[in-house]
Amino acid sequence: MPLSSVEFLLFVALSVIAFRLSPRRGRPHVLLVASYGFYCTWNPQMAGALLGITVVCYYAALYVESSRGRPLAPRITVAVVSGLILYIVAWKARAVLSSGGGIVIPLGVSYYTFRLISYLLDVHWGTVPAERSLVPFAAYVAFFPQMMAGPIERASSFLPQLGAGGTADRGRTFEGVMRILLGFFKKFVVADNLALIVDYGYRHLGSGSSVPSALSFYLYPVQLYADFSGLADIALGVGLLFGLKGPENFDAPFSASSISEYWRRWHMTLTSWLRDYVFMPLRMATRTWGTAGLIVSVVVNMMLIAVWHGFTLGFVAFGAVNATFLVVDVLTSARRQKFWRRHPGLLRAATIVGMIVTYHIVSLSETFFRAPSFADAARLLGGLGAGLHGFGEALAVVTAPPNHYAWIALPAFVLTETADAVRRRRGMGLPAGLPRWARWSAVTCLAGAFVFMALLFLARKSATNPFVYANF
Amino acid sequence: MDEAIQQRLTAIFRTVFDEPDLQLRRAMTAHDVPAWDSLSHITLIVAVEREFRVRFTTAEVAALMNVGDLADQISKKLS
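Throughout this document, residue positions are counted from 1 along each chain, in the order its sequence is written. Here every chain gets a letter starting at A, and every ligand a number starting at 1, in the order they are written. Where totals are concerned, whole chains, interfaces and linings use all residues; where local detail is concerned, this predicted model gives features only for residues with pLDDT of at least 70, and gives and counts side-chain atom pairs only at 80 or more. The side-chain figures draw on all heavy atoms in the structure; neither hydrogens nor water molecules are used.

A. Molecular detail of the overall build of chain A. Regarding its fold elements, chain A presents 18 helices and 0 strands. A globule of 472 residues ought to have a C-alpha radius of gyration of about 23 Å, and chain A, at 23 Å, matches this closely. Only protein chains enter the accessibility calculation, which uses a 1.4 Å probe. A residue is then buried if its area is under 20% of the maximum for its type, exposed if over 50%, and partly exposed in between. Sorting the 472 residues of chain A into buried and exposed places 52% on the buried side. Contacts are residue-level and defined by heavy atoms, with any inter-residue pair within 4.5 Å sufficient. Considering only residue pairs separated by 6 or more positions, chain A has 76% of its internal contacts joining residues 24 or more positions apart. Surface summary for chain A: the accessible area is close to 21100 Å², and the carbon and sulfur share equals 68%. Positive charges are assigned to Lys and Arg, negative charges to Asp and Glu, while His and the chain termini are left out of the count. Note on charges: their place is set at NZ of Lys, CZ of Arg, CG of Asp or CD of Glu. The average position of the 40 basic charges and that of the 21 acidic charges among the side chains of chain A differ by 6 Å. For helices the rule is a DSSP run of H or I covering at least 4 residues; for strands it is a run of E covering at least 2, with both sets numbered from the N terminus onward. Two things to know: the radius of gyration comes from C-alpha atoms, and the globule rule equals 2.2 Å times the number of residues to the power 0.38. Here the open area of atoms and residues is found with the Shrake-Rupley method and a 1.4 Å probe, where only the protein chains shown may cover a residue.

Given below as C-alpha cells:
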C-alpha cells in the first residue's frame, strides 16, 4: 500500500476512527491489528518473522529485568542483541549479493530491529522498566506510521503515551493533518521536481560543461532532505491523529555551521540512537586511549551510519567522506571555540562561511550516496571544473517540457522551510483564542486541501517516485 | 549533594567546559551547559574518574540523568 495512495489515506482514517472509538484499554489492540494489517499489505510473508522477533524480545526483556545480577541475564541480552544485528546484516547482505535478483528486504527491518535493540539495552542497563503487557509492546514495535522510514522512537517515549490511550484532541488532529499535508507537499512539489533536474544532470555528465554536474551536486541534498523529511512529516502527522507524539527527525540541517552540527540535525533519531548505543559504549571502552580512542569512536559510528543504508561502495565512500571531516571537526573544535571567544566580531561571518562549507561537504558525500556508480561520482566531481560553456543550452533543456515546472521546487522549498521554522517555534495547531468563524474557516480549508490531495492521488495514473528512505 | 564532592565536581566542570563561573545544581543536565555534548561527556567522565579515583561502567554512565545522579554515583563508590 503506497503512502501516496487513496487506499493509504482511507486506511489511516479508518484506523484512527476505530482507535478513537475504542475504550482506552482496547486501543493498543486496535493499533496492533492496524499495524500488522498495514505490514501484510507490503510483506505478508515477513509479518510472522516480525511477530516472532517481537515475542522473543518481549520475554527476553522480562527475564533480564527479573534476573538482574545473575550471570545469565547479560548473556541473554548479548545473545538477543547479537541475533538482531545479524538479522539486519543478513538481509542487507542478501540484498547486495542478489544484485537485483528479486530479494525484497522486509519492510522496516532496520527500524524495528533498532527499536528492539534500544529497548533491550535500556532494560539491561535499568534505564527503562520491561513492558509487562505483550500487546502494547508489539504495537510499539510494529507501529505502522514509523515502520517505513522511522523516526526511531524509544519505548520510554511511546509506551506511556499508548498506555494513556493517546491524547487525540482537536488540536493534535489539526496539527496531524497539517503535518501530513506538509509532508506530501515536500515530497511531490519539492523532492519529485528536484529529482527531474538532478536526474537530468546525471544523464548529461559527459556533456563537457559543468552545468549538469553543478545542478546534481548542489540540488541533490535538497531533494533528499525534502523527500526524507516529507516522509517523517507524514509519519509524525499520522501518529498525531492517534494522539501519539513522535520524536522529530530533522532540525533545519542546512543551517548547521559544522559537519558535527549537521549530523545533530539530520536523521536525529538514528544519530541519537547510535550516540547512545554505539558511540557512548565505544567511547567508554576507548576512553583511556586518548585522541586515538576519540578518532576510532567517531569513525566507527559514522561508518555504521553509512553501511546502515546498505553494503555498497557508494555508501562506504559516503561514510568515509563524512568521517574524515567529522574527525577534523572534533579535533579542532576546542581550538576554534577559543579563537571565536577571542574574536567575537568574526563569529557571524564564520557561521555563514561554516554553513557554506558544511553544505559543500554534505553535497560531496551525497554524490557517492546518489551516484549509480563510483565512475559516475568521479565524472560528476570532475565535471564541476569543466567550465560554464553550454549554460544556456542546459538551462533551455531543464526548463523545457516535461521539466518546465520543475523549478517551482526552489520557491516551494523556501516555503516549506519557512513553514517548518514556524512549526518549530509555534507548533502547527490552531492558535488559541481564534473567533469561531476563523477556526471553522481554517478547518474547512484544511479539509478541502486534504480532499484535493486525495483527488490528485486518484488522478495520478502513473506510478510516482518512491520515497528514497523507504528503501532502507 | 555532598559539599566536598560538589566543590571538586564544580572545579572539574569549569575546566572541562571552559566556563569559569559555572555553578552546579543537582538538576543540571547537558541542556543547561552549551559545551556539554556526547564528546565532552566522556572527557568529563574521565576527569571525574581521575579526580575521585573511581571507575564507571557503561551502564552507570547511561543511567546518569543529571549532575545529582553523578554526585550520588561518586558518593556510592567512595563509601
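Resuming the write-up.
B. Quick peek at the overall build of chain B. On a plain count of helices and strands, chain B comes out with 4 helices and 0 strands. Put simply, chain B runs from its N terminus to its C terminus through helices and strands in the order α-α-α-α. Against the globule reference of 12 Å for 79 residues, chain B gives a C-alpha radius of gyration of 11 Å, in line with a compact fold. Reported as C-alpha extents along the three principal axes, the dimensions of chain B are approximately 30 × 25 × 20 Å. Scored against the burial criterion, the 79 residues of chain B give a buried share of 38%. The long-range fraction of contacts in chain B, counting pairs at least 24 apart against all pairs at least 6 apart in sequence, stands at 52%. Accessible surface, chain B as shown: approximately 4300 Å² in total, 48% of it carbon and sulfur. Of the side chains in chain B, 9 bear a positive and 12 a negative charge, and the two mean positions are spaced by 7 Å.

C. Representation of the interface of chain A and chain B within the structure. With 15 residues of chain A at the interface, the matching set in chain B holds 18 residues. Here the buried area means the combined drop in accessible surface, using a 1.4 Å probe, for two parts upon being joined, counting both sides. Buried area between chain A and chain B, summed over both chains or domains, comes out near 1400 Å², and the portion from carbon and sulfur atoms is 69%. Per-residue buried area on chain A facing chain B is highest for A:W125, A:M284 and A:R287; these three make up 42% of the total on that side. Any Lys or Arg side-chain nitrogen found within 4 Å of a carboxyl oxygen on Asp or Glu counts as a salt bridge. Connecting chain A to chain B are 2 salt bridges. Between B:D18 and A:R341 there is a salt bridge, with the nearest N and O atoms lying 3.1 Å from each other. Here a polar contact is taken to be a pair of N or O atoms separated by no more than 3.5 Å, where protein atoms must pair a possible hydrogen donor with a possible acceptor and residues adjacent in sequence count only if both atoms sit in side chains. Viewed at the interface, chain B and chain A are joined by 3 residue pairs in polar contact (both at pLDDT 80 or more). Going through the elements one at a time, α11 (268–285) and α13 (313–342) of chain A are the ones with two or more residues in the side of chain A that touches chain B. In terms of residues, the side of chain A that touches chain B owes the most to one element, α11(A), which gives 6 residues. Ten residues, namely Ala, Val, Leu, Ile, Met, Phe, Trp, Tyr, Cys and Pro, are considered nonpolar, four, namely Asp, Glu, Lys and Arg, are considered charged, and the remaining ones, Gly among them, are considered polar. By residue class, the composition of the side of chain A that touches chain B is 7 nonpolar, 2 polar and 6 charged.

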